[in-house]
Structures are given as structure tokens and as C-alpha cells.
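Fold and contact review
If you want the building blocks of each chain, they are given just below.
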Amino acid sequence: QVQLVESGGGLVQPGGSLRLSCVPSGIAVDYYAIGWVRQAPGKEREGVSWIRKSDNGTNYADSVKGRFTIARDNDRTTVYLQMNNLKPEDPAVYHCAIRVAPAHYYSDNDKYDYWGQGTQVTVSS
């Protein structure tokens, strides 16, 4: 029932920027936070960033702090991930994801309940 449609990925030079967007729809259950999880072949899944529905509180993986910013549009529907200073370790499929509970419910920041099909981010080298 939940649909999360991501866009904005692409090819970028090291040090460049991309802005990902996520348009959620069909949210059939209460959710606590929406954010981004990335998955690269041969690498562990990594929770990138979350923004809390109730008050827009955010968190970030240590690997992206200071470079990535998560935000909601003014209509409080579209969610963005502004990615600056992209590095060779950032390429992955970036999935918009939903959490239905506070962070302490999850064993790590990479855990989630629903995610979308993802958008590919590639950093040239």
C-alpha cells in the first residue's frame, strides 16, 4: 500500500552535488519518520538520514554529516536529500524509506519498515 517514488539520482563528479526527492503516497499506517537508506553492491546497507514526521527532527549517518541535508517541501509531502561534496564512497542506490516507530525501536540506523525502488547515484572517479 505504501508507495515511495524516488528521483534525482544520476552521475556526478567527485565533489559535486545532487538532490534526491521522494514522493510518498498510500501511507496506510501511521509512520514516525521518513528518510533515506542506501545500498551498494558488496557493501552493507546504510541508513543515511531520517526526518521525524512530528517535528522535522533529523539524524544523519556519521559518513554523511556535514555533507547531506534532509528536508521536507513546504507542502510536507515531498522529502529531499541534498547531497553535497559527493565522494567515491557515496555511489549506491538510494531508497526512500519509512519508519513506523521511534529510532530506539530499531537495532541500527539502517533499519526501516518500507522502502521505494530507489534511485541510482554514481560518482565518477
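The sections below set out a description of the structure shown in this document. Keep in mind the model is a prediction, meaning the values are calculated, not measured.

1. A short note on the overall build of the protein chain
- For the protein chain, the helix and strand inventory stands at 0 helices and 11 strands.
- Sequence-ordered secondary structure for the protein chain, helices as α and strands as β, is β-β-β-β-β-β-β-β-β-β-β.
- Against the globule reference of 14 Å for 125 residues, the protein chain gives a C-alpha radius of gyration of 13 Å, in line with a compact fold.
- Across its three principal axes, the protein chain shows a C-alpha extent of roughly 40 × 30 × 25 Å.
- A separation threshold of at least 6 residues defines the contact pool for the protein chain, and within that pool the share at least 24 residues apart is 56%.
- Total accessible area on the protein chain stands at roughly 6600 Å², and carbon and sulfur atoms take up 46% of it.
- Within the protein chain, the 13 negative side-chain charges are centred at a point lying 2 Å from the centre of the 13 positive side-chain charges.

2. With respect to the state of the cysteines
- One pass over the full model with this rule turns up 1 disulfide.
- One disulfide bridge connects Cys 22 with Cys 96, the sulfur atoms lying 2.0 Å from each other. Measuring handedness by torsion sign, the sulfur bridge of Cys 22 and Cys 96 sits at about -80° and is left-handed. Placement of the pair is Cys 22 in strand β3 (residues 18-25) and Cys 96 in strand β9 (residues 92-99), with a sequence separation of 74 residues. Neither Cys 22 nor Cys 96 differs from the other in exposure class; each is buried.

What counts, and where the lines are drawn
- Residues numbered from 1 in each chain as written.
- Predicted model: local features only at pLDDT ≥ 70, side-chain atom pairs only at ≥ 80, totals over all residues.
- Heavy atoms only, no water.
- Helix = DSSP H or I, 4+ residues; strand = E, 2+ residues; numbered from the N terminus.
- Rg over C-alpha atoms; globule rule 2.2 N^0.38 Å.
- Contact = heavy atoms within 4.5 Å.
- Areas by Shrake-Rupley, 256 points an atom, 1.4 Å probe, with all protein chains shown as cover.
- Lys, Arg positive; Asp, Glu negative; His and termini not counted.
- Charge placed at Lys NZ, Arg CZ, Asp CG, Glu CD.
- Disulfide = S-S within 2.5 Å.
- Buried < 20%, exposed > 50% of the residue type's maximum accessible area, 1.4 Å probe, protein only.

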